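Structure assessment
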Amino acid sequence: MKYKYLFGPVPSRRLGISLGIDLLKFKTCTFDCVYCECGKTTDLTFQRKEFVPTDDVINELDDYLSKNPKLDFLTFSGSGEPTLHIGIGKIIEFLKRKYPQYKVALLTNASLFSDEQVRHEIRNADIVMPSLDAVSPKIFQKINRPHKTIKINDIIGGLKTFREEYSGEIWLEIFLLEGLNSSENELNLIKETVEKIKPTNIQLNSLDRPGTEDWCEPISEDTLKKVTEKFSSLPIEIISKFQRRDEIESFDKNISDRILATIQRRPCTAEDLSQSLGVHINEISKYLQSLLEKKVIEPKHLERGTFFKITR
């Protein structure tokens, strides 16, 4: 069976052997983040609907999981914000009822957490992994570039309420960008807010491959040290370059070799590689990150996007 809505297993730094579940059409999101590994958002929306058939997703999961694969997590991620899909609650309910041996994770920007229905639908996930990159409206707009109806205070309020209602683990990611959310003032605001949200742990991340915008700068070592010291009273870890992807059991050298063979013929964007190799763009991005870390390939920013070529 060829799967349309599942991808991987992906070599995930945070989740090990992770099967991706993509509920959206590329690229549908409430945000247009400057650092997104999937590129620019083409459908910026806050309207929830059934972007892909819920029952088809369930049928694919049933077929895949009935073979009893070795997985650490089933992860809602992919082409945008998973909670935009109105069937996410039904899918989580199916997974926990029929395949309770598998843990369910949700990667989310938390932009819809002010909606009581959304919070209710995701309550049975084992781990919810929201992001919070800024607290001041100005920096929030610069980094996340949300749909005009979405306000940072509503997101923060939704996260606080969700923490009160939810008994599972919340792994809060803060994506740091030099010169944007690395100022003393913004870090103080983030820390004060995180203390009120009370996540299970906090994960600091930064660029390890080119972002959507070529002016994005990864956090410097000095700034990262400053941030970890500031947050030292909280449960915090650094996940940028947390573990080499090729050391994760689900790393597929065949995919990595196919990417290299394609790039050797001509430079390609991540989307080019996804289409030509028939591999989900999120999965392509993970392998590109690994190749960039090993300096086997290098990026080049052109008008159509970021192209990857063999390092000379």
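These numbers were taken from a predicted model, which means no experiment stands behind them.

A few words now on the nonpolar core. Buried together is how nonpolar side chains tend to be arranged in soluble globular proteins. Membership of the largest hydrophobic core comes to 92 residues, with the highest contact counts inside it found for Leu 61, Phe 76, Leu 95 and Ile 259. Tallying contributions element by element places helix α10 (residues 281-293) first for this core, with six residues. If we ignore the near neighbours within four places in the chain, the residues touching Leu 95 are Ile 21, Leu 61, Leu 65, Leu 74, Phe 76, Pro 100 and Val 104. Among the nonpolar cores identified, the runner-up in size contains six residues, and Phe 73, Ile 127, Met 129 and Trp 171 belong to it.

Take the packing of helix α8 (residues 253-265) against helix α9 (residues 270-277) next. Contact geometry for α8 and α9: axes closest at 11 Å, N-to-C directions at 110 degrees. Between α8 and α9, the angle falls in the class roughly perpendicular. Regarding α8 and α9, the two cross each other, and that crossing is right-handed. The residues of α9 that touch α8, namely those facing Arg 258, Ile 259, Thr 262 and Ile 263, are Leu 273, Ser 276 and Leu 277.

As a further point, take the pairing of strand β5 (residues 73-76). What you see with β5 is no split at all: Phe 73 and Thr 75 on one side and Leu 74 and Phe 76 on the other are buried throughout. In this sheet, β5 lies alongside strand β2 (residues 16-21) in parallel orientation, the contact comprising four bridges. Its bridge partner lying in β5, Ser 18 is registered against Phe 73. Two elements, β5 and strand β6 (residues 104-108), share three bridges in a ladder whose sense is parallel. Looking at β6, one finds that Phe 76 is bridged to Leu 106. Between the parallel elements β5 and β6, the chain passes through helix α2 (residues 88-98) in a crossover that is right-handed.

What follows concerns the packing of aromatic side chains. Scanning the entire structure with this criterion turns up six aromatic pairs. With a centroid separation of 5.6 Å and an interplanar angle of 75 degrees, the aromatic rings of Phe 31 and Phe 140 are classed as edge-to-face. Residue Phe 31 is found in the loop between β3 (28-29) and β4 (43-44), and its partner Phe 140 is found in helix α4 (residues 137-144); the two are separated by 109 residues along the sequence. Between Phe 162 and Tyr 166, the aromatic rings sit 4.6 Å apart at their centres with planes inclined by 15 degrees, giving stacked as the arrangement. A relative accessible area of 1% means that Phe 162 is categorised as buried. What links up through ring pairs into an aromatic cluster is the set Phe 113, Phe 162 and Tyr 166.

Going through the model one piece at a time under the given rule, you end up with 13 salt bridges. With its nearest N and O atoms 2.8 Å apart, the salt bridge here joins Asp 126 to Lys 96. Of this pair, Asp 126 sits in the loop between α3 (116-121) and β7 (127-130) while Lys 96 sits in helix α2, placing them 30 residues apart in sequence. Accessibility expressed as a relative area gives 26% for Asp 126, which makes it partly exposed. Given the relative accessible area of 23%, Lys 96 is considered partly exposed.

Quick notes on the rules
Within each chain, residues carry numbers counting from 1 in the order of the written sequence. Local features in this predicted model are restricted to residues of pLDDT 70 or higher, and side-chain atom pairs are both shown and tallied only at a pLDDT of 80 or more, whereas totals for entire chains, interfaces and linings draw on every residue. Only hydrogens and water are set aside; all other atoms, that is, all heavy atoms of the structure, feed into the side-chain values. Residues belong to a common nonpolar core when they are buried Ala, Val, Leu, Ile, Met, Phe, Trp, Tyr or Cys residues joined through side-chain atoms within 4.5 Å. Under the scheme applied here, a residue whose accessible area is under 20% of the maximum for its type counts as buried, over 50% as exposed, and between as partly exposed, the area being computed with a 1.4 Å probe on protein chains only. Counting from the N terminus, the helices are the DSSP runs of H or I reaching at least four residues and the strands are the DSSP runs of E reaching at least two. In this analysis, two residues are considered to be in contact whenever any of their non-hydrogen atoms come within 4.5 Å of each other. Whenever a helix is involved, its axis is fitted only over the stretch in contact; in every case the axis is a line through C-alpha atoms, and angles between N-to-C directions fall within 0 to 180 degrees. Small angles under 35 degrees read as roughly parallel and large ones over 145 as roughly antiparallel, with 65 to 115 read as roughly perpendicular and the rest as oblique. Handedness of a crossing is defined here by the sense of rotation of the near helix relative to the far one, left-handed for an anticlockwise turn of less than a right angle and right-handed for a clockwise turn. Each pair of strands is called paired provided DSSP finds at least two bridges between the two strands. With the strands aimed away from the viewer, a crossover counts as right-handed if its path from the first strand over the helix to the second runs clockwise. Each Phe, Tyr or Trp ring, with Trp reduced to its six-membered ring, pairs with another whose centre is within 6.5 Å; inter-plane angles below 30 degrees give stacked pairs, above 60 give edge-to-face pairs, and intermediate values give tilted ones. The working definition used for a salt bridge is a side-chain nitrogen of Lys or Arg within 4 Å of a carboxyl oxygen of Asp or Glu.

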